[in-house]
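Listed below are the residues making up each chain.
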Amino acid sequence: MLRALLPLCALLLASAGLLLGGATPASAHAALTGSSPAQGSVVDKAPTEVTLTFSEKVSVSSGSFRVLNPAGKRVDSGKPANLDGGTYGVPLRGGLPDGTYTVTFQVISADSHPVAGGFTFSIGAPSATSVSVSDRTVGGGVVGVLYDVARYVSYAGFVVLVGGAAFVLACWQRGAGERTMQRFVVSGWIALTGATLALLLLRGSYTGSGKVADIFDLSLLGPVLQSKTGAALLSRLLLLAAAALFVAVLFGAYARGDEEDEGHERDGASEDGSRGAGSAQDAEDAADRAAERRDLTFGLAIGGGVIAAGLAATWAMAEHASTGIQTGIAMPVDILHLLAVAVWLGGLAALLTALYRAPSIEAAAVRRFSGIAFGSVVALAATGLYQSWRQVGSWSALTGTTYGQLLLAKIALVAVLIGIARVSRRWTGHLADAPVVRTRTKAKKQTVAATAASSVTAAASPSDGPASDTSDTSDTEVSTEAGSGKGGASAEETAGSGKGASTKGAAGSGRNTSAKGAAGSGDPKRAAQLARQRAATAAARAKRVREADPFRSGLRRSVLAEAGVAVVLLAVTTALTSTEPGRTEEEAKAAKAASSSSSSSSTGARSSGTLSLKLPFDTGGEDGKGTARVTLSPARVGGNTLHVYVSRANGRAFDVPEVKLAFTLAAQKIGPLPVEPDRVATGHWAASDVQIPMAGDWTVSVTVRTSDIDQVTVDKNTKIG
């Protein structure tokens, strides 16, 4: 078993290493699309606040936005506020001096991922600054890797817990009494619970400083629990408490009921015609037990389904489905998608475990899972198609964004998984003609207790009959439907072959002889030892029968291959949840482009070879306010064409009597170079062959006269050439 699972473990480590170890910090799902003042702009007067616009709503705190002066001291004076949609503002102190100021931000996007960055603007003129602005990132480093690993483990635990429980209830109810399946499902619960607690502890550092020491800073838990992600994680813990009760009932009362039913069947088979008139009562009792079991199965199915849907909702309410378009549809679809994944992949892992570790599994159980897996794949395809459209939005985003490329990889893995599943279905079809190993094994404690009781009985009575009967009931029986080989041979006889006389006397003389010897000696330890020997021998013989079946061997190999692909698929799915959706990425790029175009119009940034400046003015007289928009094309050294458009505050053309311009390159002591444009139309002035002698940071001065005595000169710095 261990050798068979080594390739699967290696595949898990390799996929985790590729997707987590070499990963960059978690991609932000909200992007800064604009700001005021704009990035790199130079403003004449100190603004009263700085506004930042994101592609979606974000969560902010008192320290989310910081504005630093050239010396690195904060000049913001209040808490950030949501102004409109994705636009947020932070007030500034009054009377800020000229110089270059740095704006930094660190927020949480609507789908729970941290976003950080920074930019600069200048008042009056650019200056040196002690603040270094780089592409700030959060969610990276050791804490980021630990957080991603915890997220992967949480998904895996959810899949194992939900899929394993669904497999037992819907496909293999006898598996509730198998220790292997109990450990499998409980391991999923432990993994999900541990990962959830780890995520709660890591969250504060992950979205904040990124320091390992802050993981254990319990003061960060308060803000985390007040966030949407913290509420989802806390809800998950409460649901896991209910899941623990569900698991206890499934592997407690439900499993005991199955063992009792098997016990009644054995008792009924061993009785002869002496039952007489009691047979009708026995039939009625059997019907009552069957009804009770159906009720318990139905109750567990309903309760387990509610818990599973609630657990899936803790992801849907905090990640991609909770933001963007059609959230009212997206969240239920996401829950259904997660449940389909869990039932399919978790059931697949449960089947693999049963094929390798359980004493036997009926062909009917495998066929039932095959049908359920097909339904899960259909649900997975339908919900995945909708999610792909919602998160990608266009063919270009499917191939041109990281999210789209990961989605294509996921689709390819699902296709491979379905192909391998077809092979598994073929093996399943042959199981009906293959020998099926059936075991009836009592728990170790029950066996020891029964053997001890037989010893006491034997000591009290010299008769060998009761001891023999008790020994028979405590034995472990193994048989095959095909009946080939030595299916009827006792386990003791198999174990006793080739051994010395003393061993043969203890365990090699047949069932009754060994039982009588144990009972007659009155030694409970010896009886327990014999019981363990019988169980070990029976298990070894059952394993030989299983491994001799070519159909089950083929099914085990194909299911193992499916599980290997499923491990990589789960890793890709985890990476998708931490990657910016293609639709959001393209929308953010478009918004940034629009913002850059608008910014170039007001700050002098070049766009398509044309320099455009907006200069508000106020001559102080009546009707003296307006805006002069200056365009210079191609805005390079040599001759250029200049246009000036003068408009009122309401946007209408302003018919002013005079407009003059001057260009000054202070660094080279050039200028001012005067330009007197000609009036072309109302509010429109133009000049041709405006010479720019050299490239540099020029000051463009515009003088506007609105009456015989009212005029003003405004200027703006810009780079030309």
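Shown above is the structure to which this text applies.
The following paragraphs examine the structure supplied in this document.

What counts and what doesn't
Residues numbered from 1 in each chain as written. Predicted model: local features only at pLDDT ≥ 70, side-chain atom pairs only at ≥ 80, totals over all residues. Heavy atoms only, no water. Pairing = 2+ DSSP bridges. Helix = DSSP H or I, 4+ residues; strand = E, 2+ residues; numbered from the N terminus. Axes fitted to C-alpha atoms, helices over the stretch in contact; angles between N-to-C directions. Buried < 20%, exposed > 50% of the residue type's maximum accessible area, 1.4 Å probe, protein only. Contact = heavy atoms within 4.5 Å. Lys, Arg positive; Asp, Glu negative; His and termini not counted. Salt bridge = Lys/Arg side-chain N within 4 Å of Asp/Glu carboxyl O. Polar contact = N/O pair within 3.5 Å; in protein donor to acceptor, adjacent residues only side chain to side chain. Expected span 1.5 Å × (residues − 1). Bend = angle between axes of the 7 residues up to and from the residue. Parallel < 35°, antiparallel > 145°, perpendicular 65-115°, else oblique. Left-handed = near helix turned anticlockwise from the far one by under 90°. Nonpolar A, V, L, I, M, F, W, Y, C, P; charged D, E, K, R; others polar.

A closer look at the sheet that holds strand β17 (residues 670-675)
- Here we have 4 strands laid out as an open sheet, ordered β17-β16-β20-β21, and antiparallel in their pairing. One side of each edge strand has no neighbouring strand; the edge strands of this open sheet are β17 and β21 (711-720). Across the sheet, the mean angle separating the axes of adjacent strands is 20 degrees when strand polarity is ignored.
- Two elements, strand β20 (residues 696-705) and β21, share 10 bridges in a ladder whose sense is antiparallel. Its bridge partner lying in β21, Trp698 is registered against Thr718.

Quick notes on the side chain of Gln387
- Along the chain, the position of Gln387 falls in helix α9 (residues 363-392).
- With relative accessibility at 18%, the residue Gln387 sits in the buried group.
- In this view, Gln387 contacts Val333, Asp334 and His337; residues no more than four positions away in its chain are not counted.

Considering the sheet that holds strand β7 (residues 87-91)
- The antiparallel open sheet is built from 4 strands, whose spatial order is β1-β3-β7-β6. Only two strands of the sheet have a single neighbouring strand rather than two, namely β1 (32-36) and β6 (81-84). Here the average twist between neighbouring strands, direction ignored, is 30 degrees.
- Relative to strand β3 (residues 49-54), β1 runs antiparallel, the two sharing 4 bridges. Residue pairing for β3: Gly34 is matched across the bridge by Thr53.

So, the side chain of Asp710
- Note on placement: Asp710 falls in the loop between β20 and β21.
- Arg705 is the oppositely charged side chain nearest to the buried, salt-bridge-free Asp710, at an N-O distance of 9.3 Å.
- Among the polar contacts listed, one links the side chain of Asp710 to the side chain of Ser707, at a separation of 2.9 Å.
- What Asp710 contacts, discounting residues up to four positions off in sequence, is Thr619, Gly621, Val704 and Arg705.

So, helix α3 (residues 179-206)
- Spanning 28 residues, α3 covers 39 Å between terminal C-alpha atoms, matching the ideal 40 Å at 1.5 Å per step.
- Of all the bends found along α3, the most pronounced is centred on Leu200 and spans about 30 degrees.

Some remarks on unusual backbone geometry
- Residue Pro37 is bonded to the preceding Ser36 through a cis peptide linkage, with omega at 0 degrees.
- Checked against the element boundaries, Pro37 lands in the loop between β1 and β2 (42-43).
- For the bond running from Gly671 to Pro672, omega is 10 degrees, close enough to zero to count as cis.
- For Pro672, the position within the fold is in strand β17.
- The backbone phi angle of Lys669 is positive, close to 55 degrees, even though this residue is not glycine.
- On the secondary structure map, Lys669 appears in the loop between β16 (658-665) and β17.

Points about the packing of α3 against helix α5 (residues 228-250)
- In contact at an axis separation of 10 Å, α3 and α5 are set at 160 degrees when each is read in the N-to-C sense. As the angle between them shows, α3 and α5 are arranged roughly antiparallel. The two elements α3 and α5 meet at a crossing, and its hand is left-handed. Mapping the contact onto sequence places Val185, Val186, Trp189, Leu192, Thr193, Thr196, Leu197, Leu199, Leu200 and Arg203 in α3 and Thr229, Gly230, Leu233, Arg236, Leu237, Leu240, Ala243, Ala244 and Val247 in α5.
- Within the contact of α3 with α5, the residues separate by chemical class into 13 nonpolar, 4 polar and 2 charged.

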